[in-house]
Amino acid sequence: MTSQNSSLLNYQQLGQGEHLLLIHGLFGSLENLNMVAKSLSQNYCVTSVDVRNHGNSFHAEGMSYAALAQDIINLLDHLDINSCHILGHSMGGKIAMQIALSHSNRVNKLIIADIAPAEYPAHHLSIIAGLQAMDLAKAENRKDLDSQLAKYVDNMGVRQFLLRNVVRDSQNQFKFKCNINNIEQGYSDVMQQVESENNFVSETLFIKGGNSDYILPEHQSSILSLFPSAKAKIIQGAGHWLHAEKTAAFNRTVADFLA
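Throughout, residues of each chain are indexed from 1 in the direction in which the sequence is written. Totals for whole chains, interfaces and linings use every residue, but because this is a predicted model, local features are given only for residues with pLDDT of at least 70 and side-chain atom pairs only at 80 or more, for both listing and counting. Remark: hydrogens and water are excluded; side-chain values derive from all non-hydrogen atoms of the structure.

A.B. asks: Please provide a residue-by-residue account of the side chain of N53, values included.
C.D. replies: The way it works is that DSSP assigns letters per residue, a run of H or I at least four long becomes a helix, a run of E at least two long becomes a strand, and they are numbered from the N terminus. If you trace the backbone, N53 turns up in the loop between strand 4 (44-49) and helix 2 (65-78). Throughout, exposure labels follow a simple rule: accessible area from a 1.4 Å probe, protein chains only, divided by the maximum for the residue type, with under 20% read as buried, over 50% as exposed, and the rest as partly exposed. A relative accessible area of 0% means that N53 is categorised as buried.

Okay, here's the thing in C-alpha cells:
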C-alpha cells in the first residue's frame, strides 16, 4: 500500500500487527530500510515513509525538526494510527526523537539508529555542491552520472547511495526525485540539536555502529536528560550504515527490544 497524496508523505505498508514506523536519513528514501521492513513485517504492521523533499514525497521549503515531525503526525492521523513504535536512522532518528518529545502519547517504544540529539558539524557540503553541480541533461547513462559526481565525492559507495535519487522520467530523461535546493536551504536545520523542555520517559534504545563516531561518550548526558529510560546497544563491525552493513544483527536487536 502506498500514497502519493500531494500534502501527505509517501509511504509503504507491510505486514500486520502492532504498528511500527520507519524513518530514513538525509538523501535517503524508504527503500533504504527495506531489509528492516521486510524482516519486521513478519510480526508488525510496518509503515515506511519518505521524508519531505526525499523519495516520492512532496517538495516543500523548511527542514526544521518541528516541521518534519508534524509531517509524520499528519500521516499517522491520516492512517488512523493513534500510537506506534518508531525507528529512525540518522536524520530520521532526530525526527523520531522530536516526535517522541513533542507527541509522547503517539510513541510506544523509540529506536534511534546511530545519531544523538546533538548538533553536528556541516559535513555534507561537498555532497550538496556535487549534486547541485550535476548536469543531468549531459548524462547518457548512470556511468556518466557517477563520473560527474566523482569530482566532488570520492567514495564510490556514497556516490551509489546518492545516485539512487536520480531516476528517468516519462521522456526517459534523468531527473532528481529529491529536491536538492530545498535540502540545501534547510541543511543547517538538519544539523541542529534536538531541543525540548519535555522528556520522553518510555522505553528507548540507541543503537550505535561500533565503527561510527556519530554517538560519542560526551552525548550521554544530553541523551539521558531527554530520554531517561534510554539503553544503548553497539553493533560491532558496523559503521553509520549499520542496518545495511550488519542487517541480521540490526534486525535481531530491534526485534528483541520490541518483543
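Structure's up, so let's keep going.
A.B. asks: Tell me what's going on with the pattern of salt bridges, and back it up with residues and numbers.
C.D. replies: Put simply, a salt bridge is a Lys or Arg side-chain nitrogen that is within 4 Å of an Asp or Glu carboxyl oxygen. Taken as a whole and judged by the stated rule, the model has four salt bridges. The shortest N-O distance in the salt bridge between R106 and D77 comes to 2.8 Å. Here R106 is found in the loop between helix 3 (91-102) and strand 6 (107-113), whereas its partner D77 is found in helix 2, with 29 residues between them in sequence. Look at R106 and you get buried, because its relative accessible area is 12%. Here D146 ties to R159 by a salt bridge, and the two come within 2.7 Å at their closest N and O atoms. Of this pair, D146 sits in helix 5 (residues 142-150) while R159 sits in helix 6 (residues 156-162); the two residues are 13 residues apart in sequence, bridging distant segments of the chain.

A.B. asks: So, helix 5: which residues are in play, and what are the values?
C.D. replies: Among all positions of helix 5, only L145, Q148 and L149 are buried. For helix 5, the buried positions fall inside an angular range of 95 degrees around the axis, keeping them on one side. Between two residues, a contact is recorded if the distance between any of their heavy atoms is within 4.5 Å. On the buried face of helix 5, the contacting elements are helix 4 (125-133), helix 6, strand 7 (166-168) and strand 8 (174-176). Counting of polar contacts relies on pairs of N or O atoms within 3.5 Å, with two restrictions inside protein: one atom must be capable of donating a hydrogen and the other of accepting it, and residues adjacent in sequence are counted only when both atoms are side-chain atoms. At the N-terminal boundary of helix 5, the capping side chain belongs to N141, with an oxygen 3.1 Å from the backbone nitrogen of K143. This arc is built from the directions going out from the helix axis to the C-beta atoms.

A.B. asks: An account of the state of the cysteines is requested, with residue identities and associated values reported.
C.D. replies: For this text, the term disulfide refers to a pair of cysteine sulfurs within 2.5 Å. In this structure the tally under the stated criterion is zero disulfides. Not part of a disulfide, C84 finds its nearest cysteine sulfur in C45, a span of 9.9 Å. Owing to a relative accessible area of 1%, C84 belongs among the buried residues under this scheme.

A.B. asks: Please provide a residue-by-residue account of the pairing of strand 9 (residues 204-209), values included.
C.D. replies: With six of six residues buried, strand 9 is to be regarded as a mostly interior element. A two-sided burial pattern is seen for strand 9, the buried positions comprising T204, F206 and K208 on one face and L205, I207 and G209 on the other. At least two DSSP bridges between two strands are needed for those strands to be called paired. Pairing between strand 6 and strand 9: four bridges, direction parallel. Of the residues in strand 9, the one forming a bridge with I111 is L205.

A.B. asks: Explain the packing of helix 4 against helix 7 (residues 180-191) to me, using residue names and the numbers behind them.
C.D. replies: A fitted line through C-alpha atoms serves as each axis, taken over the contacting stretch for helices, and the angle formed by two N-to-C directions is quoted from 0 to 180°. For the pair helix 4 and helix 7, the least separation of the axes is 10 Å and the interaxial angle reads 155 degrees. One way to sum up the angle between helix 4 and helix 7 is to call them roughly antiparallel. For the pair helix 4 and helix 7, the crossing hand works out as left-handed. Of the residues in helix 7, those touching helix 4 at L125, I128, L131 and Q132 are I180, N181, E184 and Y187. Under the convention adopted here, Pro, Cys and the residues Ala, Val, Leu, Ile, Met, Phe, Trp and Tyr are nonpolar, Asp, Glu, Lys and Arg are charged, and Gly plus all remaining residues are polar. When grouped by side-chain class, the residues that make up the contact of helix 4 with helix 7 number five nonpolar, two polar and one charged. Here the word oblique covers every angle except those under 35 degrees (roughly parallel), over 145 (roughly antiparallel) and from 65 to 115 (roughly perpendicular). Whether a crossing is left-handed or right-handed is set by the direction in which the near helix is turned from the far one by less than a right angle, anticlockwise for left-handed and clockwise for right-handed.

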